[in-house]
Amino acid sequence: GARFIFLPPGLPAPKHLDGLAGWGLKGTARAEADRLGLPYLALEDGFLRTAGLGGRKDRSLSLTADQTGVNYDASRPSDLEQLIAGWRDIGAEELADAGRLMALMREANLGKFNGAPDVAEDDPIFDAGPPVLVVDQIARDRSISGGGCTAKTFTAMLNAAIAENPGARIGVRCHPVEGGGGRKGHLRALAAARGAVVYDANVSWMSLARRAARVYVATSHAGLEALIAGAPVTCFGLPPYAGWGLTDDRMACPRRNERPSLEAVVAAVYQRYCLYLSPLTGQPCSALDIARLLA
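If you're wondering where the values come from, they're calculated on a predicted model, not measured in any experiment.

Draft legend 1. Molecular detail of the pairing of strand β1 (residues 20–23). Residues of β1 alternate between two faces, with Leu20 and Gly22 buried on one and Ala21 and Trp23 left unburied on the opposite face. Relative to strand β2 (residues 40–45), β1 runs parallel, the two being bridged by 4 bridges. Counted as the bridge partner of tryptophan 23 is leucine 43 from β2. Regarding the hand of the β-α-β motif, the stretch spanning β1, helix α1 (residues 29–36) and β2 is right-handed.

Draft legend 2. Inspection of unusual backbone geometry at higher detail. A positive phi angle, near 70 degrees, is found at histidine 16, a position not held by glycine. If you trace the backbone, histidine 16 turns up in the segment before β1. A relative accessible area of 80% places histidine 16 in the exposed class. Even without a glycine there, the phi angle at asparagine 109 is positive, about 55 degrees. Looking at where asparagine 109 falls in the secondary structure, it is placed in the loop between α3 (92–108) and β4 (132–135). Residue asparagine 109 is classed as buried on the basis of its relative accessible area of 8%.

Draft legend 3. Looking closely at the sheet that holds strand β9 (residues 248–249). Strand order in this open sheet of 6 strands is β6-β5-β4-β7-β8-β9, and the pairing throughout is parallel. Lying at the two open borders of the sheet, with one neighbouring strand each, are β6 (197–199) and β9. Relative to β6, strand β5 (residues 170–173) is paired through 3 bridges, and the arrangement is parallel. By the bridge assignment, arginine 173 is partnered in β6 with tyrosine 199. Relative to the sheet, helix α8 (residues 222–229) contacts β4, β7 (214–217) and β8 (233–235), its axis offset from that of β8 by approximately 160 degrees.

Draft legend 4. Molecular detail of the packing of aromatic side chains. Applying the stated criterion to the full structure yields 2 aromatic pairs. Between phenylalanine 47 and tyrosine 270, the aromatic rings sit 6.4 Å apart at their centres with planes inclined by 70 degrees, giving edge-to-face as the arrangement. Of the two residues, phenylalanine 47 is situated in the loop between β2 and β3 (62–66) and tyrosine 270 in helix α9 (residues 262–273); the sequence distance between them amounts to 223 residues. Exposure class is identical for phenylalanine 47 and tyrosine 270. Each is buried. A ring pair is formed by tyrosine 216 and phenylalanine 236, whose centres lie 6.4 Å apart and whose planes are at 45 degrees; its orientation type is tilted.

Draft legend 5. The arrangement of the nonpolar core in detail. Leu48, Leu101, Trp205, Val215, Leu224 and Tyr270 are the most contacted members of the largest nonpolar core, which has 58 residues in total. Sorting elements by how many residues they give to this core places α9 first, with 9 residues. Once you skip the residues sitting within four places of it in the chain, leucine 48 turns out to touch Leu61, Ser62, Leu101, Met105, Gly111, Lys112, Tyr270, Tyr276, Ala287, Ile290, Ala291 and Leu294. Of all hydrophobic cores here, the second largest spans 17 residues; its members include Val132, Cys149, Leu187 and Ala196.

Draft legend 6. Structural view of the pattern of salt bridges. A complete count under the given rule lists 13 salt bridges for this structure. A salt bridge links arginine 88 to glutamate 258; the shortest N-O distance between them is 2.4 Å. Placement of arginine 88 in the loop between α2 (79–85) and α3 and of glutamate 258 in the loop between β9 and α9 is noted, with a sequence separation of 170 residues between them. Through salt bridges with shared partners, a single ionic network connects Glu81, Arg255 and Arg256.

Draft legend 7. Structural context of the sheet that holds strand β11 (residues 284–285). Pairing within the open sheet is mixed, and its 5 strands lie in the order β1-β2-β3-β10-β11. At either end of the open sheet lies a strand with only one pairing partner, and these are β1 and β11. Against the sheet, α1 engages β1 and β2, with an angle of about 155 degrees to β1.

Thresholds applied
- Residues numbered from 1 in each chain as written.
- Predicted model: local features only at pLDDT ≥ 70, side-chain atom pairs only at ≥ 80, totals over all residues.
- Heavy atoms only, no water.
- Buried < 20%, exposed > 50% of the residue type's maximum accessible area, 1.4 Å probe, protein only.
- Helix = DSSP H or I, 4+ residues; strand = E, 2+ residues; numbered from the N terminus.
- Pairing = 2+ DSSP bridges.
- Right-handed = clockwise from strand over helix to strand, strands pointing away.
- Contact = heavy atoms within 4.5 Å.
- Axes fitted to C-alpha atoms, helices over the stretch in contact; angles between N-to-C directions.
- Phe/Tyr/Trp six-rings, centres within 6.5 Å; stacked < 30°, edge-to-face > 60°.
- Core = buried A, V, L, I, M, F, W, Y, C linked by side-chain atoms within 4.5 Å.
- Salt bridge = Lys/Arg side-chain N within 4 Å of Asp/Glu carboxyl O.

Dropping the structure here:
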C-alpha cells in the first residue's frame, strides 16, 4: 500500500516523506536522508544476480534492501551483519535448504554472475597442481574502501600469497568485467612482474575455486563462493562473511564475535537477506528457486 516517487539525483527531497531509498552509498540519497532525519533503505545487487555478467539486457534476479547500513560497509552494522550474528534463530529446515543451495551451487558452478563455461580439466593453471588464487577487484569499487582496504591492500595480498605458499603456482583471478568501459583491476601488471599467472579466462569462478589450494581476497564476494566450493579463504579486508571464524582474517571486526556455521551464513546471506523475483512469474521466490532456474 505504500506510494513511491522517483527523485532525480541531486535534488532535495520533498516534504512529508517516510523515508528515502537509494543505491548503496552512491549518490546523495543517504546524505539527504540523514539531513532530514529520515530512514534510508540501501538497495544493492543480490548474490545470485544474473544468468550472465549483468549487462543491460541481462535481467537482474535478486536485490538486497538494507535498513541499517550497507552490506559491504564494515564501518557500521548492517541488516546482513545482524542476520549472521543472530544465526541461532535460523531453524533446521532453513539450514537444510542452505545445504541444498550450497550443493546445487557446487554442482552447477553457480555464483553471483553466471553463464561462463566451466574451467577445463587440463587448463594450464592446474599444471603444477592445485593453484593458489588471488582475487582482483575493479579499482575504486566501493566495497573495497567499505571493507577497510585500499589499492595497496592488493599488493600486500599478492606478496603474502607468494610468501606464504612457496612452490605453489600463484594465479591472479582478474575480474570478469575488467576492460569493459575502461574498468581496471589492481594486479595485472604486478602479477606479471612477480611471476604469477594472470588468469583472465572466461570460466565460471565456482568451477575454478573448487580446485584451488587456497583463495585470497580483499573484500570480493568471490571469497564466500570459494568457501561454498570448499576452498580455504584468506581475507585481507572485511567483507560481510569475514570475521565469523570461517576465514583466515588479516583484519579484525570486534562486533563479529559469533561463530556460525557456513550453512548458517549461507542461510543469512542468500535466504534471509536477498530478495528474489522470478523471471517466469514476476513474483517473489526463494534462493533455491533462482538457483534451480540458473542451473
